[in-house]
Amino acid sequence: MSTVLPQPAPDAPAPKVPAHVAIIMDGNGRWAQQRNLPRAKGHEKGAESVRVAIKTCKKLGIKFLTVYAFSVENWNRPKPEIEALMTLLKKFLRNEEREFHENKIRLRAIGRLSDLPKSVRRELNHVMQATEHYRDATLVLALSYGGRTEIAHAAQELARKVKAGTLDPDTINEAAISANLYAPDIPDPDLMIRTSGEMRISNFLLWQVSYAELYITDTLWPDFREEHLAKAVEEYGRRHRRFGLVG
Ligand code: IPE
Ligand code: IPE
Ligand code: MG
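Procedures and definitions
- Residues numbered from 1 in each chain as written.
- Chains lettered and ligands numbered in written order.
- Predicted model: local features only at pLDDT ≥ 70, side-chain atom pairs only at ≥ 80, totals over all residues.
- Heavy atoms only, no water.
- Helix = DSSP H or I, 4+ residues; strand = E, 2+ residues; numbered from the N terminus.
- Contact = heavy atoms within 4.5 Å.
- Pairing = 2+ DSSP bridges.
- Axes fitted to C-alpha atoms, helices over the stretch in contact; angles between N-to-C directions.
- Buried < 20%, exposed > 50% of the residue type's maximum accessible area, 1.4 Å probe, protein only.

**Examining the environment of Leu214**
(1) Moving on: Looking at where Leu214 falls in the secondary structure, it is placed in strand β6 (residues 213-216).
(2) Moving on: Separated by 88 residues in sequence, Leu214 and His126 have C-alpha atoms that sit 33 Å apart.
(3) Moving on: The residues contacting Leu214, other than those within four sequence positions of it, are Met192, Ile201, Val209 and Arg239.

**Examining the sheet that holds strand β3 (residues 105-110)**
(1) Moving on: Spatial ordering of the open sheet is given by β3-β4-β2-β1-β5-β6, a layout of six strands whose pairing is parallel. Sheet topology places β3 and β6 at the edges, where each strand pairs with a single neighbour. Across the sheet, the axes of successive neighbouring strands diverge by a mean angle of 20°, strand direction being ignored.
(2) Moving on: Relative to β6, strand β5 (residues 191-194) runs parallel, the two being bridged by four bridges.

**Some remarks on the environment of Phe64**
(1) Moving on: Looking at the secondary structure, you find Phe64 in strand β2 (residues 64-71).
(2) Moving on: The class for Phe64 is buried, based on a relative accessible area of 19%.
(3) Moving on: Ignoring any residue separated from it by four or fewer positions in sequence, one finds Phe64 in contact with Ala19, His20, Val21, Thr138, Ile186 and Pro187.

**Overview of the pairing of β5**
(1) Moving on: With burial as the criterion, each face of β5 is covered, one bearing Leu191 and Ile193 and the other bearing Met192 and Arg194.
(2) Moving on: Both strand β1 (residues 20-24) and β5 contribute to a ladder of four bridges, which runs parallel. The partner of Ala22 across the bridge, within β5, is Met192.

This is the structure we're talking about:
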């Protein structure tokens, strides 16, 4: 694989690297369609891009990578496509376990995981447990994930605590909601990338995205390679994050 990462000048200040990158991996279907291939082929090729993204994050020093692999809305796709995606997910987990160990990558998952077929859940739980002691980098798979579902779930958790008498409703603030999301220990994304040119969030990390820098590229997910991610990170480094403050 060719390396096209920009080389910093010898005494240049260290570039700003996001701690957490979240990616809406979109365009697999269009990639396949352009080649007269079945949509599943686009998903297969997209899995290769996930591998590349993990490696590139490791190389660039990005600690957290969250990828939107399957949304709650995606359950409404044709059954054969859902089955192909679930089979691919199992295969991905099986094939990548070795890479995770070699690179000390921890695997996590967010979403309504109980929706997933049992065989997928089994594989997922196995790899998550086998890698839970790694801290070099974390890959978060968003599976059967919906941002609104996640916030509604947090509300249920809080309500349960109020009912049990362990939580005073007056103390419910932003931190309390954050603490009841699927992965409360993972920082909010700094950079959110969407491939294939669509200008929308599609129910991804609605709560966490509040101050993320957005980067949208026309590149279709199956074509997304090291240089594309490096370019997004480079642009992130040039952004001025103000968080509502002055200059
Ligand atoms: C993204 O690619 C993968 C999933 C949503 C699972 P799409 O399948 O949405 O591809 P397009 O948007 O139809 O091209
Ligand atoms: C978002 O892509 C979901 C994932 C990438 C898993 P979609 O293709 O499902 O989103 P829409 O339909 O274009 O909004
Ligand atoms: Mg799509």
